[in-house]
Amino acid sequence: MASSTTAGGHCLFLALLLLSSSAYGQLSTSFYDLSCPTLQSIVRSVVSDAINADRRMGASLVRLFFHDCFVQGCDASILLDDVPGSFVGEKTAFPNANSVRGYDVINNIKSQVEASCPGVVSCADIVALAARDGTFLLNGPNWAVPLGRRDSTTASLSQANSDLPPFAASLSTLITMFANKGLSAQDMTALSGAHTVGSTQCQVYRGRIYNDTNINPQFAKLRQGDCPATQGVNDTVLAPLDVQSGLTFDNAYYGDLLKNKGLLHSDQELYNGGSQDALTKKYASNGAAFFADYVTAMIKMGNISPLTGTDGQIRTNCGAVNVN
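Numbers given to residues run from 1 along each chain, matching the order in which its sequence is written. Per-residue local features are limited, in this predicted model, to residues with pLDDT of at least 70; the limit for side-chain atom pairs, both in listing and counting, is 80 or more; totals at the level of whole chains, interfaces and linings are taken over all residues. Derived side-chain values reflect all non-hydrogen atoms in the structure, with water molecules and hydrogen atoms excluded from consideration.

Note the threshold: UniProt positions are given in the numbering used here, feature names are shortened, and annotations may be inferred rather than shown by experiment.
In the annotation of an unreviewed UniProt entry, the entry for the protein chain reads Peroxidase, and the organism field reads Urochloa decumbens. Reading the Catalytic activity (unreviewed entry) entry of the UniProt record for the protein chain gives the comment "2 a phenolic donor + H2O2 = 2 a phenolic radical donor + 2 H2O".

1. With respect to the overall build of the protein chain
The criterion, for reference: Helix and strand assignments come from DSSP, with helices taken as H or I runs of at least 4 residues and strands as E runs of at least 2, each series counted from the N terminus. Throughout, the radius of gyration refers to the C-alpha atoms, and the reference size of a globule is 2.2 Å times the residue count to the power 0.38. Any residue under 20% of the maximum accessible area for its type is buried, any over 50% is exposed, and the rest in between are partly exposed; the area is computed with a 1.4 Å probe on protein chains only. It only takes one pair of heavy atoms within 4.5 Å for two residues to be counted as in contact. Method for areas: the Shrake-Rupley scheme with a 1.4 Å probe, in which residue coverage is limited to the protein chains shown.
Each helix and strand counted, the protein chain has 14 helices and 2 strands in total. Taken over the C-alpha trace, the protein chain has a radius of gyration of 19 Å; the compact-globule value for 324 residues is 20 Å, and the two agree within 12%. Counting only C-alpha atoms, the protein chain reaches 60 × 55 × 35 Å along its principal axes. By residue count, 52% of the 324 residues in the protein chain fall in the buried class. A separation of at least 24 residues holds for 76% of the contacts in the protein chain among residues at least 6 apart in sequence. Accessible surface, the protein chain as shown: approximately 13400 Å² in total, 54% of it carbon and sulfur.

2. A closer look at helix α14 (residues 287-301)
Basically, it comes down to this: In this scheme, a helix's expected span is set at 1.5 Å multiplied by one less than its residue total. Each polar contact in these results corresponds to two N or O atoms within 3.5 Å; when the atoms are within protein, one needs to be able to donate a hydrogen and the other to accept it, and residues that are neighboring in sequence are counted only if both atoms are side-chain atoms.
Taking 1.5 Å per residue as the helical rise, α14 with its 15 residues ought to reach 21 Å, and the 21 Å between its terminal C-alpha atoms agrees with that figure. At the N-terminal boundary of α14, the capping side chain belongs to N286, with an oxygen 3.2 Å from the backbone nitrogen of A288.

3. Description of unusual backbone geometry
Although it is not a glycine, N98 adopts a positive phi angle of roughly 55°. Structurally, N98 is set in the loop between α3 (57-69) and α4 (103-116). Under the relative-accessibility criterion, N98 is labelled exposed at 77%. You will see that N139, though not glycine, has its phi angle at about 80°, which is positive. Along the chain, the position of N139 falls in the loop between α5 (123-136) and α6 (157-163).

4. Notes on the state of the cysteines
The cut-off we apply is this: Here, the term disulfide refers to a pair of cysteine sulfur atoms separated by no more than 2.5 Å.
For the coordinates displayed, the defined rule picks out 4 disulfides. A sulfur-sulfur separation of 2.1 Å characterises the disulfide bridge that pairs C123 with C318. Because the sign of the S-S torsion sets the handedness, a value of about -100° for the bond joining C123 and C318 places this disulfide among the left-handed ones. A residue pair is termed long-range when its members are at least 10 positions apart, and C123 in helix α5 and C318 in the segment after α14 qualify at 195 residues. As far as burial versus exposure is concerned, C123 and C318 are alike and both buried.

5. Focus on the packing of aromatic side chains
Definition in use: For Phe, Tyr and Trp, rings pair up if their centres lie within 6.5 Å, where Trp contributes its six-membered ring, and each pair is then called stacked (planes under 30 degrees apart), edge-to-face (over 60) or tilted (otherwise). Consider the ring centre and the ring normal. A charge sits over the ring if Lys NZ or Arg CZ is within 6 Å of that centre and within 35 degrees of that normal.
If you walk through the whole model with that rule in mind, you get 14 aromatic pairs. With centroids separated by 6.0 Å and ring planes inclined at 80°, the aromatic side chains of W143 and Y294 adopt a geometry described as edge-to-face. Taken together, the residues span a long stretch of sequence, with W143 in the loop between α5 and α6 and Y294 in helix α14 at a distance of 151 residues. When sorted by exposure, W143 lands in the same class as Y294, which is buried. A network of ring pairs unites the aromatic residues W143, F249, Y253, Y254, Y283, F290, F291 and Y294 as a single cluster. It is K91 that lies over the ring of Y103; its NZ or CZ is 4.2 Å from the centre.

6. Some thoughts on the nonpolar core
To keep it simple, the criterion reads: Buried residues of nine kinds, namely Ala, Val, Leu, Ile, Met, Phe, Trp, Tyr and Cys, make up a nonpolar core once their side-chain atoms join them within 4.5 Å.
Ranked by internal contacts, the top residues of the largest apolar core, which has 75 residues, are L79 and M301. When neighbours within four sequence positions are excluded, L79 is seen to be in contact with L64, K91, Y103, I106, C123, V127, R315, C318 and G319. Counting 11 residues, the second largest nonpolar core, distinct from the first, contains I209, I215, A220 and C227.

7. Quick look at the side chain of K110
Topologically, K110 is positioned in helix α4. We classify K110 as buried; its relative accessible area is 2%. Not counting residues within four places of it along the chain, the set of residues in contact with K110 comprises V121, C123, I126, I314, R315, T316 and C318.

8. Some points on the environment of A97
By the element assignment, A97 lies in the loop between α3 and α4. For the pair A97 and V243, spaced 146 residues apart in sequence, the C-alpha to C-alpha distance is 25 Å. Each residue touching A97, except ones within four places of it in the same chain, is listed here: K91 and T92.

9. A few points about the confidence of the model for the protein chain
Stated precisely, the cut-off is as follows: Across the chain, each position has a pLDDT score giving the predictor's confidence in that residue, from 0 to 100.
Mean pLDDT for the protein chain: 92, with 92% of residues reaching 70 or above. The low-confidence segment residues 1-23, where pLDDT is below 50, has 33 contacts with residues more than four positions distant or belonging to other chains.

Put into structure tokens, the structure is as follows:
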């Protein structure tokens, strides 16, 4: 079911934008208004070009933001490259390796921003803005992003392996892992709606389509056609996370769950006789409610342990710590 926007929905989004236009914690939506007034237009232009070249990139940029914020907070630690013998980043962690995309898009944005406003804008804020634009340019909601984050000089491979929710997680595990980051069960369910866009690999959803019983038989058979049970065969074949409209940001993902067509085990856990069933039904029938809660949750997630003030640094190169 695709989402529809009513006059009431427009008023709700306007209210959200007005609420988010002021300071949020230590961050502020007007942080770069004077120091880098071209920032937002640069980000949107680069992200638009990237999505025009590969529509999946919108979803990838949202995921990049999520995987950054859940490890050390929203500090661009995920962007740091390994330095043999001296520094280990997060890119090779199990949830990230050969999976997270969008690094080149962020680097492209950073190079253009540096040309316009050198030494001013953090990579962490660029990731946050790119996630917003990745959502909006796929027909999702728009919002004012609180800014003012600074970049970390550290990364944590161990946290990336332990703190990012696994695709086979149970509902109770998901709720706990999000709660550990200050996010509610409602935030978790709304943020999961980002799976209305994007794809994932056969090796990720194989267990779901062959082992789970709470799956639509026809849907399982469809996915099994490209993803054989044998591990190592067609591991990287992609399937859309949202079977109805996998390249448009809408509420169809929740409609899939009501039909037991969630591609990941962790997706279907949102509608499997548990505490999130009622909210999943609500989002499936009310796209405006989903959009509103998604915006709230994205802003809240973006405020996980940001480095501000004199903490951290403004990296010149998003993939490397500045050398003094």
